[in-house]
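An overview of the molecular structure
This is what each chain is made of:
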There are 2 protein chains.
Amino acid sequence: MAVDRKKLILEAAAKSFSMFGYKATTMDQVAKIANVGKGTIYTFFKNKEQLFDEIITGLIMEMKLEADASFDPNSTFMDNVHRTIMRMLEYRKEHQLTIKLFEEQKEMGTLEVKEVINRLENAILNYMKGHVQEAINKGEIKQCDPELTSFIIFKLYISLIFDWEKNHTPLQAEEIALTVERSLLEGLSIR
Amino acid sequence: MAVDRKKLILEAAAKSFSMFGYKATTMDQVAKIANVGKGTIYTFFKNKEQLFDEIITGLIMEMKLEADASFDPNSTFMDNVHRTIMRMLEYRKEHQLTIKLFEEQKEMGTLEVKEVINRLENAILNYMKGHVQEAINKGEIKQCDPELTSFIIFKLYISLIFDWEKNHTPLQAEEIALTVERSLLEGLSIR
DNA sequence: TACTGACCATTTTGTTCATATAGTCATTTT
DNA sequence: AAAATGACTATATGAACAAAATGGTCAGTA
């Protein structure tokens, strides 16, 4: 084959979604950037949403690789959680696509974007679940429901990073680590 | 005095806000229900928002009384937190005004309603802060920042009650209590 | 056979205009 | 004189309609 048209389309769409978001990206636009007839897009993708989904699938895979890369087998469970979540946050800030998507969710509430962000969140939770289970097996943390525990850890981080600063001065990465360590890992009770 | 016009207006407004929400309540409406000329409202309240604010102030005071009433000096700190948060949830479900308000926030995103809900949340956090400080003083929980700790406890409850059920079967009150106890109070580390 | 872009049915956006509403203030009531 | 009122005004809202844009199709082309 001369050119991989599917790849061209995926790249064009990723570019356009990154620049304009989901709603403001038109299929004509994508076709033009990809140097492809509009109809061609529909030979590879059922519709706009599926095209979007495939791009997000790629994004999730890439983030998984990043997460795996930031894992340090010599660190404690909580250190790994902290480092990886902070890495994911960095990733989000470095990539135009994620920036644009969270913007669009916030100010337009586009349904498809909401769904995609939900998918991303579930991917993270699922990934964490595996590591929580591992930590339990290794005896690093006590017996607990891995799904519920991942959920709690994740929500705690989100709250500390994004919600706390709505009414207070933002917490530094180290303050966050310390707070999670003291409240969630050690617990509030007196030992 | 023959009639307390300010009280009449407050009652009328509370009724209308409860029935129709903030946006859909008109000042003409309030004047009519209160049997008062519209201009009279503006002799007691600077504008619609301030009228709304005064009603919310009353709501917060009432909730505070409910919270105080549910406090049991013989119970543990966490038991009191749990019982009181659950009581506040009940209160929210029993009062048309709070129901309507959260509805309006969700489906219309009215700015004034957002602000008011934020005020309510801050009142709760502030109230909790006092009790956290007390628990520290009594040696019930370990030394920690009362503001940050209240925030964490509150957010954890909100997550477990409202967010968990977006993708899972809702947790029962007792499961929530147990989860908070095990994760936040005791901590995830092995003792 | 793979690809294309003119075409169509729907949605979205822009515009106009009548209605509704928050807030004012001259007048009336007490 | 003080308190209360409701007609009045400037602005905001939204209904109704028209125009433009857009997702998706399919007959035709290379």
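Since the structure is predicted, the reported quantities are computational estimates derived from the model, not experimental observations. (Residues numbered from 1 in each chain as written. Chains lettered and ligands numbered in written order. Predicted model: local features only at pLDDT ≥ 70, side-chain atom pairs only at ≥ 80, totals over all residues. Heavy atoms only, no water.)

**Quick word on the protein's contact with DNA strand C**
- Inspection of the region around DNA strand C gives 13 residues, with Gly 39 and Thr 40 of chain A together with Met 27, Lys 38 and Lys 48 of chain B positioned closest.
- If you look at DNA strand C and keep only atoms within 4 Å of the protein, 64% of those are sugar or phosphate atoms.
- Thr 25 of chain B is positioned with one of its backbone polar atoms (N or O) 3.4 Å from a phosphate oxygen of DNA strand C.
- For the surface near DNA strand C, the secondary structure elements donating two or more residues are helix 3 (38-44) of chain A together with helix 3 (38-44) of chain B.
- In terms of residue count, the dominant contributor to the surface near DNA strand C is helix 3 of chain A (three residues). (Near = heavy atom within 4 Å. Polar contact = N/O pair within 3.5 Å; in protein donor to acceptor, adjacent residues only side chain to side chain. Helix = DSSP H or I, 4+ residues; strand = E, 2+ residues; numbered from the N terminus.)

**Let's talk about the nonpolar core**
- With 56 residues, the main nonpolar core has Ile 153 and Leu 160 of chain A together with Ile 153 and Leu 160 of chain B as its most contacted residues.
- Within the residue set of this core, elements represented by two or more residues are helix 5 (77-94), helix 7 (111-137), helix 8 (146-167) and helix 9 (173-185) of chain A together with helix 5 (77-94), helix 7 (111-137), helix 8 (146-167) and helix 9 (173-185) of chain B.
- Leave out the neighbours within four places in its chain, and Leu 160 of chain A touches Leu 171, Ile 176, Thr 179 and Val 180 of chain A together with Leu 148, Phe 151 and Ile 152 of chain B. (Core = buried A, V, L, I, M, F, W, Y, C linked by side-chain atoms within 4.5 Å. Buried < 20%, exposed > 50% of the residue type's maximum accessible area, 1.4 Å probe, protein only. Contact = heavy atoms within 4.5 Å.)

**A closer look at the environment of Asn 122 of chain B**
Residues and elements named next belong to chain B.
- In this structure, Asn 122 sits in helix 7.
- For Asn 122, a relative accessible area of 30% puts it in the partly exposed group.
- Separated by 29 residues in the primary sequence, Asn 122 and Phe 151 have C-alpha atoms spaced 9.6 Å apart.

**Structural notes on unusual backbone geometry**
- We note that Asn 35 of chain A has phi near 55°; this positive angle belongs to a residue other than glycine.
- By the secondary structure assignment, Asn 35 of chain A is in the loop between helix 2 (27-34) and helix 3.

**A look at empty space enclosed by the protein**
- Counted according to the given criterion, the structure contains two cavities of 30 Å³ or more.
- Approximately 80 Å³ is the volume found for the largest cavity.
- Ile 152, Lys 155, Leu 156, Ser 159 and Leu 184 of chain A together with Ile 152, Lys 155, Leu 156, Ser 159 and Leu 184 of chain B are the residues that line the largest cavity.
- Elements represented by at least two residues in the lining of the largest cavity include exactly helix 8 of chain A together with helix 8 of chain B.
- Here the second largest cavity defines a volume of roughly 30 Å³.
- In terms of lining residues, the second largest cavity is bounded by Ile 56, Leu 59, Thr 98, Leu 101, Phe 102, Val 116, Ile 117 and Leu 120 of chain A. (1 Å grid on protein atoms, 1.4 Å probe; cavity = no way out; pocket = protein on both sides within 12 Å on 5 of 7 lines; lining within 4 Å. Points joined across faces, edges and corners; volume = space filled by probe spheres on them.)

**Observations regarding the UniProt feature "domain: HTH tetR-type" (unreviewed entry) in chain A**
- On the UniProt side, "domain: HTH tetR-type" (unreviewed entry) is annotated at positions that read residues 3-63 of chain A here.
- Here residues 3-63 of chain A runs as 77% helix and 0% strand, with 27 Å between its end C-alpha atoms. (UniProt positions renumbered as here; feature names shortened; annotations may be inferred.)

**Brief notes about the relation of the copies chain B and chain A**
- Taken as rigid bodies, chain B and chain A are interconverted by a rotation of 179° and an axial shift of 0.0 Å, the fit giving an RMSD of 0.1 Å. Viewed as a symmetry operation, the transformation between the two copies matches a two-fold axis. Within chain B, Gly 187 of chain B has its C-alpha nearest the rotation axis, a separation of 1.8 Å.
- Most of the interface of chain B is mirrored in chain A, where 100% of its interface residues are also at the interface. (Least-squares fit on C-alpha atoms with pLDDT ≥ 70 in both.)

**Remarks on the UniProt feature "DNA-binding region" (unreviewed entry) in chain A**
- Taking the numbering used here, the UniProt-annotated feature "DNA-binding region" (unreviewed entry) corresponds to residues 26-45 of chain A.
- Secondary structure across residues 26-45 of chain A divides into 75% helix and 0% strand, with the first and last C-alpha atoms of the span separated by 14 Å.

**Some thoughts on the interface of chain B and chain A**
- Taken together, the 33 residues of chain B in the interface contact 33 residues of chain A.
- Together chain B and chain A conceal approximately 3,000 Å² of surface at their shared face, both sides included; 65% is due to carbon and sulfur atoms.
- Of all residues in chain B, Lys 142, Phe 151 and Leu 188 of chain B give up the largest surface area on contact with chain A, accounting jointly for 24% of the area buried on that side.
- Between the two partners, chain B and chain A, sit four salt bridges.
- Of the charged contacts in the structure, one is a salt bridge between Glu 186 of chain A and Lys 142 of chain B, with a shortest N-O distance of 2.9 Å.
- Of all the elements in the fold, those that place two or more residues in the side of chain B that touches chain A are helix 7, helix 8 and helix 9 of chain B. (Buried area = accessible area lost by both parts, 1.4 Å probe. Salt bridge = Lys/Arg side-chain N within 4 Å of Asp/Glu carboxyl O.)

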